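Residue strings, one per chain:
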Amino acid sequence: MRTDSLPSDPDALKAIIRAQASELAAKGSVIEQLKAELAVLKRIRFGTSSEKLARIIDQLELALGECEADEAAAEEERAMPAIARAKADRPARQPLPPHLPREAVVHAPPATCPDCGGVDVLKRGEDVTEVLEYVPASFRVIRRVRPRVVCRSCDRAMQAPPPRLPIERGKPGPGLVAHVLAAKYCDHLPLYRQAEIYAREGVDLSRSTMADWVGRAAALMEPLTEALAAHVFSGDRLHGDDTPVPVLAPGNGKTRQGRLWVYVRDGRPAGDAQTPPAACYRFTPDRKGIHPQRHLEPFRGVLHADGYAGFKDIYKASGTDEPRVLEHFALSPGHSRRLGSRLGLRLA
């Protein structure tokens, strides 16, 4: 409401203030209710997850974000005079990253003087303002042309060999395959969402097609992952643990629980700053002790792990030989409870 259109009657002004206060209170109660419902659903989601529950949570988070944005906009409008007064006291902003490329856009002044119409102007400096902009990623088609030539002396035909591609007889280039993999595994962006994003760019890439790329890329990177695993297990000190992961169980519409094992080589806490740290991941459909035993077959040294019983056979000596893996307990709160249970202790 514009200030020049406000009524002059005090009672009418009080009524407007009461109505606005009531509206703000209602918005606040809606926000608190959404926060409470969202907290309850997140606690439920921490247990058994479902796609329907995930959609409800996403909708509530969207509604909560809109309410909070509206409330922030209203507060900014109310605080505009205070913001104007505080501008002089604001600290200097951090400069934009120097490594980013700069593109100059010149806003030319008028060619003629607006007062006298003169065209003889003299430059006296310039003002430069930098803004951080985002240029969306774009698709492009790379045409690889291989001309054929013929020797005039012997009529031999010559042509450069075709370039190797990550997907034989496929359309994607290495940059596109790497982008799909990074979006899926680093940014947690499922393939069907990537397909929707690319469709907005006018590029039709089905989920099944990209799934085929992912599978073929996994086979291509297998030598790299094995080399990384060899580096991890060649050290004399490892950190090992596992975590449950939900795995799709086709046919029954549910998920089953798999295990993701991680083995970390990091000698920096022990004074080894030269060897690069690395991590190796292994997936298993269950938590049987045979899995870490198979993973750690090439390892010789000290293993930092919790009190999981599946590790106990790794620490056993064979015959008169010394055990190839020495046990070193990892004493996080959860690990301490499991270790105490293993040793017959009751820990608070």
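Residues numbered from 1 in each chain as written. Predicted model: local features only at pLDDT ≥ 70, side-chain atom pairs only at ≥ 80, totals over all residues. Heavy atoms only, no water.

Asks: Which residues make up the overall build of the chain, and what are the values?
Replies: Along its length, the chain carries 9 helices and 7 strands. Every one of the 348 residues in the chain was classed for burial, and the buried ones make up 20%. Taking the intrachain contacts of the chain between residues at least 6 apart in sequence as the baseline, contacts between residues at least 24 apart amount to 46%. Counting only carbon and sulfur atoms, one obtains 56% of the accessible surface of the chain, whose full area is about 27,300 Å². (Helix = DSSP H or I, 4+ residues; strand = E, 2+ residues; numbered from the N terminus. Buried < 20%, exposed > 50% of the residue type's maximum accessible area, 1.4 Å probe, protein only. Contact = heavy atoms within 4.5 Å. Areas by Shrake-Rupley, 256 points an atom, 1.4 Å probe, with all protein chains shown as cover.)

Asks: Before we move on, can you summarise helix α4 (residues 174-185) with the specific residues and values?
Replies: With 12 residues, α4 extends 16 Å from end C-alpha to end C-alpha; this agrees with the ideal 16 Å at 1.5 Å per step. Those residues of α4 that are buried are in contact with α5 (191-200) and α6 (207-220). (Expected span 1.5 Å × (residues − 1).)

Asks: Could you give an account of α6, with specific residues and numbers?
Replies: Helix length check: α6 (14 residues) gives 20 Å between terminal C-alpha atoms against 20 Å at 1.5 Å per residue, within 8%. Those residues of α6 that sit buried are Met210, Trp213, Val214 and Ala217. The arc that holds the buried residues of α6, viewed along the axis, is 100°, so those residues lie on one side. Exposed and facing more than 90 degrees away from the buried side of α6 are Ser208 and Ala219. (Arc of directions from axis to C-beta.)

Asks: Give a description of the nonpolar core that names residues and reports values.
Replies: In terms of nonpolar packing, the biggest core is built from 17 residues, with Phe233, Leu238, Leu296, Leu303 and Phe311 touching the most fellow members. Looking at this core, the elements that each hand over two or more residues are α7 (222-233), β4 (254-265), β5 (278-284) and β6 (301-305). Setting aside anything within four residues of it in sequence, one finds Phe311 in contact with Trp261, Pro292, Leu303, Ala305 and Asp306. (Core = buried A, V, L, I, M, F, W, Y, C linked by side-chain atoms within 4.5 Å.)

Asks: Any chance you could break down the packing of aromatic side chains for me, citing the residues and the numbers?
Replies: Applying the stated rule across the entire model yields 5 aromatic pairs. Geometrically, the ring pair formed by Tyr308 and Phe311 is edge-to-face, given 5.5 Å between the ring centres and 85° between the ring planes. Of the residues examined, Tyr308 reaches a relative accessible area of 11% and is grouped as buried. You can call Phe311 buried: its relative accessible area is 0%. An aromatic cluster is defined as three or more aromatic residues linked by ring pairs; in this entry it consists of Trp261, Tyr308 and Phe311. Over the aromatic face of Tyr308 sits the side chain of Arg287, whose NZ or CZ is 4.0 Å from the ring centroid. (Phe/Tyr/Trp six-rings, centres within 6.5 Å; stacked < 30°, edge-to-face > 60°. Lys NZ or Arg CZ within 6 Å of the ring centre and 35° of its normal.)

Asks: Quick one: what's the story with the pairing of strand β3 (residues 237-249), residue by residue and with numbers?
Replies: A regular strand places its side chains so that they alternate between the two faces of the sheet. Pairing between β3 and β6: 3 bridges, direction parallel. For His239, the partnering residue across the bridge sits in β6 and is His304. Note: β3 against β4, 11 bridges, orientation antiparallel. Of the residues in β4, the one forming a bridge with Gly240 is Tyr263. The hairpin turn running from β3 into β4, its antiparallel successor, is 4 residues long, and Gly251 in that turn takes a positive phi close to 110°. (Pairing = 2+ DSSP bridges.)

Asks: Pulling in residues and values, what's your account of the pattern of salt bridges?
Replies: Between side chains of opposite charge, a pair can form as their charged atoms come close. Taken as a whole, this structure holds 8 salt bridges when the rule is applied. Of the charged contacts, one joins Arg268 and Asp266 as a salt bridge, the two residues approaching to 2.9 Å between their closest N and O atoms. Between Asp313 and Lys316 there is a salt bridge, with the nearest N and O atoms lying 3.1 Å from each other. Lys316 gets classed as exposed once you look at its relative accessible area, which sits at 54%. Through salt bridges with shared partners, a single ionic network connects Asp242, Arg259 and Arg287. (Salt bridge = Lys/Arg side-chain N within 4 Å of Asp/Glu carboxyl O.)

Asks: Run through the packing of α4 against α6, naming residues and quoting values.
Replies: Two elements in contact, α4 and α6, have axes whose closest approach is 10 Å; the angle formed by their N-to-C orientations is 95°. The angle between the axes of α4 and α6 places the two elements in the roughly perpendicular class. Along the contact surface, α4 presents Leu176, Val177, Val180, Leu181, Lys184 and Tyr185, while α6 presents Met210, Trp213, Val214 and Ala217. The residue makeup of the contact of α4 with α6, split by class, is 9 nonpolar, no polar and 1 charged. (Axes fitted to C-alpha atoms, helices over the stretch in contact; angles between N-to-C directions. Parallel < 35°, antiparallel > 145°, perpendicular 65-115°, else oblique. Nonpolar A, V, L, I, M, F, W, Y, C, P; charged D, E, K, R; others polar.)

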